[in-house]
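Survey of secondary and tertiary structure
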Amino acid sequence: MSQLPSDSGKALLLVDGSSYLYRAFHALPDLRNREGEPTGAIYGIVAMLRRMRADRKLNIGATHGAVIFDAPGKTFRDDLYSQYKANRSETPPDLVRQIPIIHDMVRALGWPVIMIAGIEADDVIGTLAMQARAQQLETIISTGDKDMAQLVGPHVRLVNTMSRDGGGAEWLDRDGVSARFGVPPERIVDYLSLVGDAVDNVPGVDKVGPKTAAKLLAEYGSLDTLMARAAEVKGVVGENLRTALDWLPLARTLVTIRTDCDLSDHLASIDESLDLRPEDVPALRSLFERCAFRTWLRELEGGQTVTVRGSGGAQALAEPGRAIGPVAPPPVLPPNDSDSASATGEASSGRALAAVTPQYECVLSWDQLERWKARIRSAPLVALDTETTSLDPMAARLVGISLSVQAWEACYIPLGHEYAGAPEQLPLDGVLNHLRDWLEDDTAPKVGQNLKYDAHVLQNHGIALAGVVHDTLLESYVLEAHRNHDMDSLAARHLERRTIRYEEVAGKGASQIGFEQVSIERATEYSGEDAEVTLHLHQTLYPQITAVPALEQLYREIEIPVSRVLQRMERHGVLIDAQLLARQSNELGHKLLALEAQAHQVAGQPFNLNSPKQLGEILFERLGLPVVKKTASGAPSTDEDVLTQLAEDYPLPRLLLDWRGLAKLKSTYADKLPRMVNVRTGRVHTSYSQAVAVTGRLASSEPNLQNIPIRTPEGRRIREAFIAPPGCRIVSADYSQIELRIMAHLSQDPGLLSAFAQGLDVHRATAAEIFGTTPAEVTSEQRRYAKVINFGLIYGMSAFGLASNLGIERDAARNYIDRYFARYPGVRRYMDETRLRAREQGYVETVFGRRLWLAEINSPSGPRRAAAERAAINAPMHGTAADLIKKAMIAVQSWLDQERLMSKLVMQVHDELVLEVPQHELELIQMQLPALMCGVASLAVPLEVQTGVGDNWDQAH
């Protein structure tokens, strides 16, 4: 091949296509076009290559480049070692189908494609890199393969664009290789020879891992020296090294990338054959249409340049006032199937590449405020956002308010910025009083991102926010519960806008400042963008919801109204007995000391029960207990699963489990809850998150009231501390066997429907069916077995899992499962049909239309696919139960308000509602509560609610 002159000023970019091919296939969800053809790997490769071309930091201004793939067939390494890559499974069929399209797509993107029979991609890359180095041509190798580190040197660096470290690409120059592997590039071959390459099935020296290999090479200098002085190496490592001496020369040959391959039959020269060309727009359009990459299609149709100025959204795509080319998506951001849905009006074109200049006004005068009040009064919908002093909704104070009535335009009203040189701001109380009529107007429609928080903040200042009709957090959750719902992610995903991160404004870590110290100019950019992007998101997301009536009903009738109920529950809080918890903490402390003493006695010596290292030494070295599994570092594991298994046969693991359980109770609840009492209200105020669990379940945090263990007496006693105030009682209302009832409804199995219709004990009825006896003759053990089977099948339990749970043989467990399905064939049919439907549409639904997405339902990975199939079966039950309890909360709160009762909803835990009820309303609540909760839906089986009353939460059960 001819050479480029050394002063050419050109650069070479070599992409390891084979490395990225597999990584994209396994990293991305199972994306498909309308014809059902897989497209995930195609998307990942295209996104990565476009990012490489668009980002000068990655491509260093490369003028030449290529994407190199492995060709089918054997290479010289297969001749040297018959087991080379023998551990690799066949290329997944779904990946095979994508490879020809990937090659066409790469060429259409302007990249030369190299694939040479008999020569591995690594060797092609190595040869080109060394030829470029000889010409002093700057070369970047884009790869995720650690073997390539041996090529790093003068003019040659590696970049891994799919690295998640630090949120960006990982670069390796000479120092980077040494830092990562512990050896310089010229010793990588020696290093790989010692540790082996599991991917290519090249064994190393037994028990020699990365740290040991680096240490040996640091001590002896090279593999040759180490082999010559192998007799000096002591211990097991020395023995294994000497055993491997005959193998190591071949291992070194196998892991060495060739840099002298004859490529003359395939490439004329780097300069002539590897020039990077512009994108072939007609070819890309055809390929994007085939793959249904709608966003990229719109880019091709919408133009090639984006100009943005100002701030906030302006920084989404470029520095202020600077024009840039088409923006490549993030490397693993899958295309949004709902792209085709868009809002009407100019603001709906969130993905259109038109010139836009965001306008964010800082309101510092009463005239400005009056103009904006007139605008929000006449607008059909206003986006609202607050800036505050704290993330704690009960403690946060206002620093500023932002408003937007149309995309790309907003205002920021600073109210509490305190720093040297800060301009004079309108008075907080005066502004709130001026806006109070609009803020508290239920007929003035508002939208926000998690407005439940803003409602708390405003209530801290005496404002009762009303008119909340939309929330982009909940819109995203209803549309795609399996994805991230923060505004930054939503803007990137749906608007292709990079929003200003909070850390960019206030800093991070120990140097982070409060928002009140942020300059008003910067705050205007940040907060104005928050409100404006929120409105823009609503205009993009809401039409997608209204396009599916069931989703719109779910959003409007469940998620939005229950958010208001949750805010009121959080605000009211729950009363706890701090003195009782203090006494429980003291008692738990004594029990912990006693358990610790017993553990020391059984172990035969004192040790730190919190130290995995000491615990491992006691269990596995001193006592000689069997090692169940090991940690990533190779040490015997002492996690809860291991201790639970060992506790069946040995006393010390049982003591340790008991000790850990009590220690968690003490630290997490008995000690922590009193410290979480709000000094102003005297109550504990949890936060309920709607957009966390993909099934629709609510999540409680700070404190987590849904995770208090109740299987032990000590755990149940924690609930005693949740008390009613004087003159009130605690009422608990719990749906009975709700998920089994939902299974009966979904499966329409005659046996289950009949059992629930007759009001039978369904576990006893199941036992009678499985064991061939009458319900009256079912033993307690048989009922226990049936209960485990009933609930186990909902959670996708296998015969192995059932056998482990019941302590029986696997064949016996399989026999019980077979009998169950023989008696309840409708359940089997439901499971089979649900799996099929999930594979066809990528999601399953609750009774009320909530979509539960299953990204891995068609995964080529067996374990991932099996997990998705289990989720497909149980998610509709979990999700429907979540929908029911939310509907119950809405119904109960509506009734309380309608009747103007003083009773309060104070907690929601799983399928249970907890109320604080004045004594004079107790009879009415006990009578109406079950009817209200049972009346929220009509299923094929009757719903049943059990209630209890007590002075505390535990007594109410």
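The structure displayed is predicted, hence computed values, not measured ones.

Below, the discussion takes up the overall build of the protein. From N to C terminus, the protein includes 38 helices and 22 strands. Against the 2.2 N^0.38 benchmark of 30 Å for 957 residues, the protein shows a C-alpha radius of gyration of 32 Å, consistent with a compact globule. Taken along the three principal axes of its C-alpha coordinates, the protein extends 95 × 80 × 55 Å. Relative to its full complement of 957 residues, the protein shows a buried share of 53%. Restricting the contact set of the protein to residue pairs at least 6 apart, pairs at least 24 apart contribute 69%.

Here we take up helix 26 (residues 640-647). Within helix 26 the residues assigned to the buried category are Val642, Leu643, Leu646 and Ala647. For helix 26, the arc enclosing every buried residue in end-on projection is 130 degrees, short of the 170-degree limit, so these residues lie on one face. In helix 26, the exposed positions angled more than 90 degrees off the buried face are occupied by Glu640 and Asp641. Contacts made by the buried residues of helix 26 are with helix 25 (612-622) and helix 27 (651-670).

Spatial ordering of the open sheet is given by 20-21-17-22, a layout of 4 strands whose pairing is antiparallel. Two strands in the sheet have a free side with no partner beyond their single neighbour: strand 20 (904-909) and strand 22 (945-950). Shown here is a sheet whose adjacent strand axes are inclined to one another by a mean of 20 degrees, direction ignored. Where strand 20 lies against strand 21 (residues 912-918), 5 bridges are found, and the strand directions are antiparallel. Among the inter-strand pairings, lysine 904 is bridged to a residue of strand 21, identified as glutamate 916. Lying on the sheet, helix 23 (residues 549-572) is in contact with strand 20 and strand 21; it crosses strand 20 at an angle near 105 degrees. In the packing of helix 37 (residues 862-898) onto the sheet, the strands contacted are strand 17 (728-735), strand 20 and strand 21, and the crossing angle to strand 21 comes to about 15 degrees.

Spatial strand order, 9-12-11-10-13-14: 6 strands in an open sheet with mixed pairing. Among the strands making up the open sheet, the edge pair consists of strand 9 (359-362) and strand 14 (468-471). The average angle at which neighbouring strand axes cross in this sheet is 25 degrees, direction not considered. Examined bridge by bridge, strand 10 (residues 382-388) and strand 11 (residues 398-406) share 6 bridges and lie antiparallel to one another. Counterpart to glutamate 387 in the pairing with strand 11 is glycine 400. Against the sheet, helix 18 (residues 451-460) contacts strand 10, strand 11, strand 13 (446-448) and strand 14, and its axis sits at roughly 60 degrees relative to strand 10. Its contacts with the sheet place helix 22 (residues 520-546) against strand 9, strand 10, strand 11, strand 12 (409-414), strand 13 and strand 14, and it is angled at close to 45 degrees to strand 11.

Scanning the entire structure with this criterion turns up 53 salt bridges. Arginine 375 is the partner of glutamate 409 in a salt bridge, and the nearest nitrogen-oxygen pair spans 2.7 Å. Of this pair, glutamate 409 sits in strand 12 while arginine 375 sits in helix 16 (residues 366-378), placing them 34 residues apart in sequence. Since its relative accessible area comes to 22%, glutamate 409 is described here as partly exposed. Note that aspartate 671 and lysine 666 form a salt bridge whose closest N and O atoms lie 3.0 Å from each other. Because the salt bridges share partners, they merge into one network encompassing Arg77, Lys85, Glu120 and Asp123.

A word on the confidence of the model for the protein. When pLDDT is averaged across the protein, the result is 87; 92% of the residues are at 70 or more. With pLDDT under 50 throughout, residues 303-354 is counted as low confidence; its partners more than four residues away or in other chains account for 118 contacts.

Before going further, it helps to examine the nonpolar core. If you look at the biggest cluster of nonpolar residues, it comprises 112 residues, and the most contacted ones within it are Phe722, Tyr735 and Met933. Per element, the largest residue contribution to this core is 11 residues, and it comes from helix 37. If we ignore the near neighbours within four places in the chain, the residues touching methionine 933 are Ala733, Tyr735, Ile885, Ala888, Val892, Leu913, Leu943 and Val945. Counting 58 residues, the second largest nonpolar core, distinct from the first, contains Val189, Leu241, Trp247 and Ala251.

Position of aspartate 94 relative to the elements: it lies in helix 5 (residues 93-108). Among the residues examined, aspartate 94 registers a relative accessible area of 15% and is labelled buried. Sequence-distant contacts of aspartate 94, that is, excluding residues within four places in its chain, are made with Phe25, Asp30, Arg32, Pro38 and Asn858.

Here threonine 472 shows up in helix 19 (residues 472-479). Of the polar contacts made by the side chain of threonine 472, one reaches the side chain of glutamine 449; its length is 2.4 Å. Sequence-distant contacts of threonine 472, defined by excluding residues within four places in its chain, comprise Val447, Gly448, Gln449, Leu490, Thr534, Leu537, His538 and Leu541.

This part covers the packing of helix 33 (residues 780-794) against helix 35 (residues 810-823). At their nearest, the axes of helix 33 and helix 35 sit 11 Å apart, and the two run at 75 degrees to each other. Taken together, the axes of helix 33 and helix 35 are roughly perpendicular relative to one another. Contacts between helix 33 and helix 35 involve Tyr785, Ile789, Asn790 and Leu793 from the first element and Tyr816, Ile817, Tyr820 and Phe821 from the second. Classifying every residue of the contact of helix 33 with helix 35 gives 7 nonpolar, 1 polar and no charged.

For the rest of this paragraph, the subject is the pairing of strand 5 (residues 156-160). For strand 5, the buried fraction is high: 4 of the 5 residues fall into the buried class. By the bridge criterion, 4 bridges tie strand 4 (residues 138-142) to strand 5 in an arrangement that is parallel. Its bridge partner lying in strand 5, serine 142 is registered against valine 159. In this structure, strand 5 lies alongside strand 6 (residues 170-172), joined through 3 bridges in antiparallel fashion. Counterpart to valine 159 in the pairing with strand 6 is tryptophan 171.

Each value, and the rule that gives it
- Every chain is numbered on its own, with residues counted from 1 as its sequence reads.
- In keeping with the model being predicted, local features are shown solely for residues with a pLDDT of at least 70 and side-chain atom pairs are shown and tallied solely at 80 or more, while totals for entire chains, interfaces and linings include all residues.
- As a rule here, side-chain values come from all non-hydrogen atoms in the structure, and water together with hydrogens is ignored.
- Numbering of helices and strands runs from the N terminus; a helix is a DSSP stretch of H or I covering at least four residues, while a strand is a stretch of E covering at least two.
- Throughout, radius of gyration means the C-alpha value; the globule benchmark is 2.2 Å times the number of residues raised to the power 0.38.
- Here's how the labels work: a residue is buried when its accessible area is under 20% of the maximum for its type, exposed when over 50%, partly exposed in between, all with a 1.4 Å probe on protein chains only.
- Whether two residues are in contact is decided by their heavy atoms, any of which lying within 4.5 Å being enough.
- Taken from the helix axis, the directions to the C-beta atoms give the arc we talk about.
- When DSSP finds two or more bridges between a pair of strands, those strands are recorded as paired.
- Axis lines are fitted through C-alpha atoms, for helices just across the contact stretch, and the angle between N-to-C directions can take any value from 0 to 180 degrees.
- Salt bridge criterion: a side-chain nitrogen from Lys or Arg within 4 Å of a carboxyl oxygen from Asp or Glu.
- Confidence scores here are pLDDT values: one per residue, from the predictor, ranging 0 to 100.
- The nonpolar core is taken to be a set of buried Ala, Val, Leu, Ile, Met, Phe, Trp, Tyr and Cys residues, with the residues joined through side-chain atoms within 4.5 Å.
- Polar contacts, as counted here, are pairs of nitrogen or oxygen atoms within 3.5 Å of one another; within protein the pair requires one atom able to donate a hydrogen and one able to accept it, and residues that are adjacent in sequence qualify only if both atoms are side-chain atoms.
- The labels follow the angle: roughly parallel below 35 degrees, roughly antiparallel above 145, roughly perpendicular from 65 to 115, and oblique for the rest.
- Three categories are distinguished: nonpolar for Ala, Val, Leu, Ile, Met, Phe, Trp, Tyr, Cys and Pro, charged for Asp, Glu, Lys and Arg, and polar for the others, with Gly belonging to the last.

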